[in-house]
Structure formats: C-alpha cells, structure tokens
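# Structural overview for review
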Amino acid sequence: MCVENSGTFLGVMDCNNFFVSCERVFDPSLEGRPVVVLSNNDGCAVSRSAEAKALGIKMGTPAFKINEEFPRSDVIMRSSNYTLYADMSRRAMNVLRGLVGRIEVYSIDEAFIDFSGMRKDDVVRLGREIVFQVRKQTGLPVSVGAARSKTLAKAATKFAKKYSGYKGFCIIDSDEQREKALRLLPAGDVWGIGFRSEKKFSSLGISTAYDFVGKGAYWIKQNMGICGLRTYEELMGRSVIRLDNSALRQTITTSRSFGELVSDLTQLRCAVSNFASSCARKLRGQHSSAMYATVFLMTSFFREDLPQYYNKATYVFPEASDSTIDMVEGCLNALDEIFKPGYAYKKAGVTVSGIVPNGHIQQSLYYKSDCERMRKVDCLMDEVNHRYGKSSLHLAVQGESAIFNRRIKRTEFSGSGKTGVAERKEQWEMKRERLSGHYTTDLRDVILVNCRG
C-alpha cells in the first residue's frame, strides 16, 4: 500500500476535553481531579477530564449513575456553560488565525489549518507554536496534527493527544508513518466512519484503519458509497476533502430540552421566541439572511405513561430576513400550526435554512419590505446587548430567560467542589444546578484578585 506522499500539508487543532478545560481555566482547584461536564438539564456526561476517563466514566453516562457508581471518587460535575465555552472558543480561534491566517472552523473546539507552501520543518515549528500560544493566551490545552489530508491530520491529532511524548503536536509525513498510524488507529476512530460502524466492521474482520484500506477502493465504494471512497483516498494520503474557508453556515439550529414538561402555549411561545431570536442574532453575526424557519415540538418519548407527539412546520418569509422581529413572528406562526393541547412537551427548537449573504437577497415584486426600519431596530438591540449582555433588550414575548442572559443566583465555587445553583423563572428553562460563572462575558462574574503588598 505505497502511495506517493506529495502535496501540501493540512492540519487540525483540537482543544483537549474542551468543556472541562474551560472550567479549569477559571478554577485551578479542578486540576488533577476527575471533572465531568453535563449535558442540558444536567443529564449526562458530555465532556470528561483524563482523570474521569481513568475512573471508567463513559461519554453519555447519566449524572445519577455517576453519583451511584463513584460515590467516593470525589467526581466534580458542572452544568454546561455554553456562553463561557463559546467565548473561549472564539478566543482560541482568534489566536489560531493570528498565527496561520487561513483556517476552517469545524466545531466549537476544532479547526482545520492550511499549511500551504510550507516545508515540513516550518510546519513542525508552527504546529508547536500553535500549541504553546493558545495555551499561553487562553489557558486552554490543545493538540495539533498535520498530514497530507484532513482525515490523516485528524488521526495525527488523536496521537498527539494520546501520547505525551509528542508534546501536543504530531505529524504524519511519510508512507512509513502513515502505515504505522493506520495499524494503530481503531476503525471507529476514523473521521468519516465513526463508532456506529464498529459492530458491522468487526463482523467483516475490520478492526483498524489499516484493515479498512486493505479492503481496496472497489470493495469500499460498493459497500460504503462515494463517502467511504473519499475516506479511503484520504487515508491513503491523497487529499480529496478540501479546506472550506466559507464562514457562511447553510443551516442554523437553536433547540433545548425543557427543565420540566410544558403544556402551556404561552410558555412554548416564550421558548420558541428565544430560539428564533438566537437564530436571527447568529444570522446577523455572519451577515446573512434566511428564507425558511422550521419549528419543531416533541414530547418525552421516555415517558411511556404519557401520550406522544412530534411535529414540525416551516414558515416561508416573503424575502430572506435576519430580523429578530420577522424571525420571531414567523416562528410563532409555525408554532401555532403544530401546537396541540393536552400534550406535555419536552423539547422545541428552531432551524433556519435557505441562507444567503445579505448582498444577494432576491426581492419580491409583491412584498413591500420594511428592512431599513427593522435593521435600525436590530442594530440598536445588538448594540445594547453587546454592551450590557445578551437579552438585556429583548421582545416582550421572550419573557425572562435565564438561558440567554438573565442574572442567576449562584453559590461560590471552592476547592471542595461546592456547586452553584441556577434559579429558573420559566418552566421551559434548563436545569443547571452546577453552573459556573460567565467569567469572560459578564462583568459581574469577573474574577477578583486580592493583591497584598
């Protein structure tokens, strides 16, 4: 399986145990201790420290099971603090942009890097500089991998995380290294394959990436289609998944599971209005507008004692819009179409699609747009909310939302693992009983340092 290793290098920067790392930046007492960050409504583990993984805590383990199975392990659990995590992600990506310039942000904790035109020695130097500078400027530990393709670069990042000898940076730059990496990499860890295919692959005698590419291009295309073939080519060292420098997302979704079951339409209108407002704000953040807004409602399918219901409806705007007022009005119309009384709803959400840049909006001959006035209103709201915090100025139908910005009550965190308590005002708001502060986005949560002369 020899392949000519030619072409430019691509890289990946991945923040290590990102949610946990964000918590540790502002609470050093968590260093060296088993820490778990929980999903919405403090449900299950979505991020674990290395110490928590060593105890055997799996991704997705419910919080109550962690309490039951590890009562004496001093496991510290925190509620998801997405406001903090999003801001820390922005800071890390800005550091990366300052060092590289051309990146593709793939997720909240991960970005692809273009090392075009750089020799191996320069890639190694810059990769190590990224690891150092991101940690220095944000406090976040990151791993960086480099190779001739995105998929191999992702594999290199996994080795950089797993083996301390790499000191955060790993490069796969030869056929010998590539083959060795494929033999060590479980098939379920390959980007584009995933753990869901592990059982099927196991029955076919495929346990590693090396076994996978050993099946050959013809077999892979016949059994996994064009996506599987792309993965094969990437693992062979041929770059076929290009770097996407477009910052324009094609869909934007905001959804939440409710803190408790909701049957009241007023509460649902409040929730959907907040979700729609969030989508509109994100559209304006990337200077785009959306043509469609889809609202969905669902009950809890785990409650077999209650009647079940799921439905969704799409509102089509006369012209693509990024206005909060338009977005909320459209989504409430869609909600009215699908709401049925007599059901206890567990989750709702809004997805906007048909996204176009603001400079390419197709106008309607039969619709008189009031976009200038709407834009002034949105600019005022964005300016006030940027200065005083999200949802400081909001539509009345949004109610008092703890999810987006309302000041919440917390107890102080300490080295003993004492947790904060978030007060909820609305039924639909999430349970977040272990919420840390918004240290970087709220002046009231800025850490105070006492200096003694």
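Along each chain, numbering runs from 1 in the same order as the chain's sequence is written. Thresholds applied to this predicted model are a pLDDT of at least 70 for local features of residues and 80 or more for the giving and counting of side-chain atom pairs; totals over whole chains, interfaces and linings are not thresholded and use all residues. By convention in this description, side-chain values take in all heavy atoms of the structure and omit both hydrogens and water.

## Side note on the sheet that holds strand β2 (residues 35-38)
Worth spelling out the cut-off: When DSSP locates at least two bridges between a pair of strands, those strands are taken to pair. A helix here means a DSSP run of H or I that spans at least four residues, while a strand means a run of E at least two residues long, and both kinds are numbered starting from the N terminus. Every angle, taken between N-to-C directions, lies between 0 and 180 degrees, and every axis is a line fitted to C-alpha atoms, over only the stretch in contact when it is a helix.
Pairing within the open sheet is mixed, and its three strands lie in the order β3-β2-β4. Strands at the two margins of the open sheet, each flanked by one partner only, are β3 (45-48) and β4 (76-78). Ignoring which end each strand starts from, the neighbouring axes of this sheet average 30° apart. Relative to β3, β2 runs antiparallel, the two being bridged by three bridges. Counterpart to Leu-38 in the pairing with β3 is Ala-45.

## A few points about the side chain of Glu-110
Just so we agree on the cut-off: Relative accessibility thresholds used throughout: buried, under 20% of the residue-type maximum; exposed, over 50%; partly exposed, between the two (1.4 Å probe, protein chains only). By the convention used here, residues are in contact when the closest approach between their heavy atoms is within 4.5 Å.
Tracing the backbone through its elements, the reader meets Glu-110 in strand β6 (residues 110-115). The class for Glu-110 is buried, based on a relative accessible area of 8%. If sequence neighbours within four positions are ignored, Glu-110 has contacts with Val-12, Met-13, Asp-14, Met-93, Val-105 and Lys-154.

## Re unusual backbone geometry
At Asn-17, a residue that is not glycine, the phi angle is positive and equals roughly 40°. Take Asn-17: its relative accessible area is 25%, and that puts it in the partly exposed class. For His-287, which is not a glycine, the phi torsion comes out positive at approximately 55°. Take His-287: it is sitting in the loop between α11 (265-285) and β10 (288-299). Of the residues examined, His-287 reaches a relative accessible area of 59% and is grouped as exposed.

## Examining the confidence of the model for the protein
Here is the rule we go by: On a scale of 0 to 100, pLDDT captures the predictor's confidence in every residue.
Confidence in the prediction for the protein averages 87 pLDDT; 89% of positions are at 70 or higher. Here residues 1-6 is modelled with pLDDT under 50, and outside its nearest four sequence neighbours on either side it reaches 17 contacts, counting other chains as well. Here residues 402-419 scores under 50 on pLDDT; set against residues more than four positions off or in separate chains, the count is 65 contacts.

## Remarks on the pattern of salt bridges
Put simply, the rule is: Should a side-chain nitrogen of Lys or Arg be within 4 Å of a carboxyl oxygen of Asp or Glu, the pair is scored as a salt bridge.
This model, assessed by the stated rule, comprises 20 salt bridges. Close ionic contact of Glu-51 with Arg-24 constitutes a salt bridge, the shortest N to O distance being 2.9 Å. Taken together, the positions of Glu-51 in helix α2 (residues 50-55) and Arg-24 in helix α1 (residues 18-26) put the pair 27 residues apart, joining distant regions of the chain. Under the relative-accessibility criterion, Glu-51 is labelled partly exposed at 27%. With its nearest N and O atoms 3.6 Å apart, the salt bridge here joins Asp-378 to Arg-284. Of the two residues, Asp-378 is situated in helix α13 (residues 371-388) and Arg-284 in helix α11; the sequence distance between them amounts to 94 residues. In this pair, the class of Asp-378 matches that of Arg-284, namely buried. Salt bridges linked by common partners bring Glu-23, Asp-27 and Arg-78 together as one network.

## Some points on helix α6 (residues 150-162)
Put simply, the test is: Multiplying 1.5 Å by the residue count of a helix minus one yields the expected span of that helix.
Taking 1.5 Å per residue, 13 residues should reach 18 Å; α6 reaches 19 Å between its end C-alpha atoms and fits that length. Counted residue by residue, α6 has ten buried out of 13 residues, so it is predominantly covered. Buried within α6 are the following residues: Lys-150, Thr-151, Leu-152, Ala-153, Lys-154, Ala-155, Ala-156, Thr-157, Phe-159 and Ala-160.

## Observations regarding the environment of Val-384
Considering the arrangement of structural elements, one finds Val-384 in helix α13. Since its relative accessible area comes to 23%, Val-384 is described here as partly exposed. Spatially, the C-alpha atoms of Val-384 and His-394 are 9.8 Å apart, while their sequence positions differ by ten residues.

## A word on the side chain of Asn-41
Selection criterion: What qualifies as a polar contact is a pair of N or O atoms within 3.5 Å, subject to a donor-acceptor requirement within protein and to the restriction that residues adjacent in sequence count only when both atoms come from side chains.
When you line up the elements, Asn-41 lands in the loop between β2 and β3. Within the structure, the side chain of Asn-41 is placed 2.9 Å from the backbone oxygen of Ser-257, a separation counted as a polar contact. Engagement of the side chain of Asn-41 in a polar contact is seen with the backbone oxygen of Phe-258, the distance being 3.2 Å.

## Quick word on the packing of aromatic side chains
Threshold: Pairs were defined over the aromatic rings of Phe, Tyr and Trp, the Trp ring being its six-membered one, requiring ring centres within 6.5 Å. Orientation was assigned from the angle between planes: stacked under 30 degrees, edge-to-face over 60, tilted for the rest. Our definition puts a charge over a ring when NZ of Lys or CZ of Arg is within 6 Å of the ring centre and also within 35 degrees of the ring normal.
Summed over all chains, the structure comprises 18 aromatic pairs. With centroids separated by 5.9 Å and ring planes inclined at 55°, the aromatic side chains of Phe-18 and Phe-19 adopt a geometry described as tilted. Given the relative accessible area of 3%, Phe-18 is considered buried. A relative accessible area of 16% means that Phe-19 is categorised as buried. Judged by centre distance (5.9 Å) and plane angle (40°), the ring pair of Phe-339 and Tyr-345 falls under tilted. By the burial criterion, Phe-339 is buried, and Tyr-345 matches it. By way of ring pairs, the aromatic residues Phe-18, Phe-19, Tyr-82 and Tyr-85 are connected into one cluster. The side chain of Arg-148 reaches across the aromatic face of Phe-9, ending 3.8 Å from its centre. Note that Lys-215 overlies the ring of Trp-219, its terminal NZ or CZ placed 5.3 Å from the centroid.

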